[in-house]
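Coordinates in review
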Amino acid sequence: MTLTDPQISDFKEKLISEREQLSRTKESVFHSDIDRIDLRVERPSNSDENKRSGAVEKEIALEHHVLESLAAIDLALARIKSDDYGVCVDCSVDIPYQRLYAFPAAARCVDCKLKYEKLNIP
Ligand SMILES: [Zn+2]
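Everything numeric in this text was worked out from a predicted model, so none of it was measured. (Residues numbered from 1 in each chain as written. Predicted model: local features only at pLDDT ≥ 70, side-chain atom pairs only at ≥ 80, totals over all residues.)

**Re the environment of K14**
- Along the chain, K14 falls in helix α1 (residues 5–41).
- On the basis of neighbour counts, which here come to 17 C-beta atoms within 10 Å, the residue K14 falls in the partly exposed class.
- Put simply, K14 and I73 are 59 residues apart on the chain and 9.9 Å apart in space, counted from C-alpha to C-alpha. (Helix = DSSP H or I, 4+ residues; strand = E, 2+ residues; numbered from the N terminus. Buried ≥ 20, exposed ≤ 12 C-beta atoms within 10 Å, placed from the backbone.)

**Re unusual backbone geometry**
- The phi angle at D83 is positive, at roughly 65°, despite the residue not being glycine.
- Positionally, D83 belongs in the loop between α2 (46–81) and α3 (97–102).
- C-beta crowding within 10 Å serves as the criterion here: with 10 such atoms nearby, D83 is assigned to the exposed category.
- The phi angle at S92 is positive, at roughly 65°, despite the residue not being glycine.
- Relative to the helices and strands, S92 resides in the loop between α2 and α3.

**With respect to the environment of A105**
- By the secondary structure assignment, A105 is in the loop between α3 and α4 (110–120).
- Given 21 C-beta atoms within 10 Å, A105 falls into the buried group.
- With 32 residues separating them along the chain, A105 and I73 place their C-alpha atoms 5.1 Å apart.
- Those residues in contact with A105 that sit more than four places away from it in its chain are L15, S69, A72, I73 and A76. (Contact = placed C-beta atoms within 7 Å.)

**Concerning the environment of R24**
- Mapped onto the secondary structure, R24 falls in helix α1.
- On the basis of neighbour counts, which here come to 11 C-beta atoms within 10 Å, the residue R24 falls in the exposed class.
- Each C-alpha atom, one on R24 and one on V66, is 9.9 Å from the other, the two residues being 42 residues apart in sequence.

So, in structure tokens, the structure goes:
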């Protein structure tokens, strides 16, 4: 691995602050769940119902994104602890500094990420 200790602690700080932000987002998504239940009791018209299910879908997508990002960050923090950080989990090459800088939770190099996405997105 080519990262220096100060670089790694920079990334660690970024990951931790990103994690805090995501936790807050997760909480706000949770609170809007409660609003949704309140709204249902009002027996809205069909057109309102349609609008609402679109909003619910967006929330579910956001929730999914938040949970996935949190999992990626936890994994990255665990890899910092075990000295595996910055190495692609699939092909074991060093992930370029620029890529980690843009996305500190990256667990794969760009090539492997593209392959992984092709396999996992229908
Ligand atoms: Zn790779």
